[in-house]
Amino acid sequence: MAIKRHLPEAEDLNLVPVMNLVTILIPFLLMAAEFVSLAVIDSTLPAIGPPVPVEEEPDKKPLNLSLALTHEGVTVLGADAVLNPAGAPPVVEGEKRPPTVPCKSGGRCTNLEDYDWAELTRILALIKDEYPDDENVILVPDSKLKYEVIVKTMDSSREDKSNRGPDGSSRVLFPFVVIAGGALN
Amino acid sequence: MALKKARRPKDSAGLNITSMMDMMTIILVFLLKSYSTSDVSVAPSDMLQLPSSSAQKPPELAVNLVVARNQIVVDGVPVLNLTTIPDEDNPGQYLAAVPEDEKKGQSIDKLYQRLLDKAEAAKALAEQSGSEEHAFKGRVLIQCDKELPFAVLREVMYTAGQAQFGEFKFVVYKTE
């Protein structure tokens, strides 16, 4: 007992140098911190797009899938063999053909969510079933269409999120996008 | 005097920094998690709001072409200002547009000159280094405001194409 009384008291750990270090590290890390993460979408000019495979099956017509984007909705072009096997439905003289995927509210789309993206993805998945090797899609947007609608169309045509494989990755539809210059009337 | 001295405590109390250390350690971990060394930087503003997308491809270094609602910027240097025109379909609304006197047909003259300079500089650099890695591929990162009409983007893309930039990479915010 007598020995214990003579032991020196345990000193506190001196944390001040650690504090200094951490305080300097924090502004440095704040500078390099990234709070929004970025991604890119590839696209090319129509003339120099990714090469189209030359060997095509003779009995299958090549798919030139195009999506015409307007304020009324999205029109799928070049896939009539899948969408309308019996031929295109007749159009009343003097009227415009309605878009393949009209706006949810009918008439003119007011915002981004008014376009029926799920339906567009479903139709593109049907086309992909028929043309599994095709990966190109041509976008033909209207001049006044907002850029975000074009980006959303690229998202909808790139992958089918409702159809996930065993590894959790969604089914790839048409990842190579080419943006064409003019809109169809 | 004697009374006052007696009341003062012998040692001044030490600052207890343990709790502050705890906090700093947590902040440190959080900041380390969001640490990134990305090549591409975005300066968001009222005039430049990128769209969100489910794309997952990471950005890579290339010529940075920013198309905000009021101006076009190449690699941090403003090239020209955009104007607004009344929207015929929505009376009272305005759309951004490239001023008519800056255009030659579809091509935007000032932007064409600037991009051509960039392309030639990149080619000269590629020739000097001689390696395949630095070859000029005509890549351009396009940061475009989500509200811009496609007409502006089409003119910008056409101009970039004329100036030998044919590989577009649209920068978007990653979701998920």
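In case you missed it, the structure is sitting above this.
Keep in mind that what you see is a predicted model, and the values were worked out from it rather than measured. (Residues numbered from 1 in each chain as written. Chains lettered and ligands numbered in written order. Predicted model: local features only at pLDDT ≥ 70, side-chain atom pairs only at ≥ 80, totals over all residues. Heavy atoms only, no water.)

(A) Up close: the packing of helix H4 (residues 117-130) of chain A against helix H5 (residues 147-158) of chain A. Residues and elements named next belong to chain A. Look at H4 against H5: their axes get within 9 Å of each other, and the N-to-C directions meet at 40 degrees. The orientation of H4 with respect to H5, classified from their angle, is oblique. The element H4 and its partner H5 pack so that their crossing is right-handed. In this structure, H4 contributes Trp 117, Leu 120, Thr 121 and Leu 124 to the contact, and H5 contributes Val 149, Lys 152, Thr 153, Ser 156 and Ser 157. Class assignment for the residues of the contact of H4 with H5 results in 4 nonpolar, 4 polar and 1 charged. (Axes fitted to C-alpha atoms, helices over the stretch in contact; angles between N-to-C directions. Helix = DSSP H or I, 4+ residues; strand = E, 2+ residues; numbered from the N terminus. Parallel < 35°, antiparallel > 145°, perpendicular 65-115°, else oblique. Left-handed = near helix turned anticlockwise from the far one by under 90°. Contact = heavy atoms within 4.5 Å. Nonpolar A, V, L, I, M, F, W, Y, C, P; charged D, E, K, R; others polar.)

(B) Quick look at the packing of aromatic side chains. All names here are of chain B. Following the criterion strictly, the structure yields 4 aromatic pairs over all chains and no others. Judged by centre distance (6.4 Å) and plane angle (35 degrees), the rings of Phe 168 and Phe 170 are tilted. Residue classification places Phe 168 among the buried residues on the basis of a relative accessible area of 0%. What makes Phe 170 buried here is its relative accessible area of 0%. (Phe/Tyr/Trp six-rings, centres within 6.5 Å; stacked < 30°, edge-to-face > 60°. Buried < 20%, exposed > 50% of the residue type's maximum accessible area, 1.4 Å probe, protein only.)

(C) How the structure looks around the interface of chain A and chain B. Each partner contributes residues to the interface: chain A has 45 residues there, and chain B has 56 residues. Both faces combined, the contact of chain A with chain B buries some 4400 Å², and carbon together with sulfur accounts for 66% of it. Its largest share of buried area at the contact with chain B, chain A owes to Leu 38, Val 40 and Tyr 147 of chain A, together 19% of the area lost on that side. Counting the contacts that link chain A with chain B gives 3 salt bridges. Connecting chain A to chain B are 18 residue pairs in polar contact (both at pLDDT 80 or more). Counting residues per element, the side of chain A that touches chain B draws most heavily on helix H2 (residues 16-32) of chain A, at 10 residues. For the side of chain A that touches chain B, the class distribution of residues is 27 nonpolar, 7 polar and 11 charged. Inspection of the sheet shows strand S1 (residues 38-44) of chain A paired to strand S10 (residues 167-174) of chain B by 7 bridges, in the antiparallel sense. (Buried area = accessible area lost by both parts, 1.4 Å probe. Salt bridge = Lys/Arg side-chain N within 4 Å of Asp/Glu carboxyl O. Polar contact = N/O pair within 3.5 Å; in protein donor to acceptor, adjacent residues only side chain to side chain. Pairing = 2+ DSSP bridges.)

Distances and angles like these do not, on their own, reveal function.
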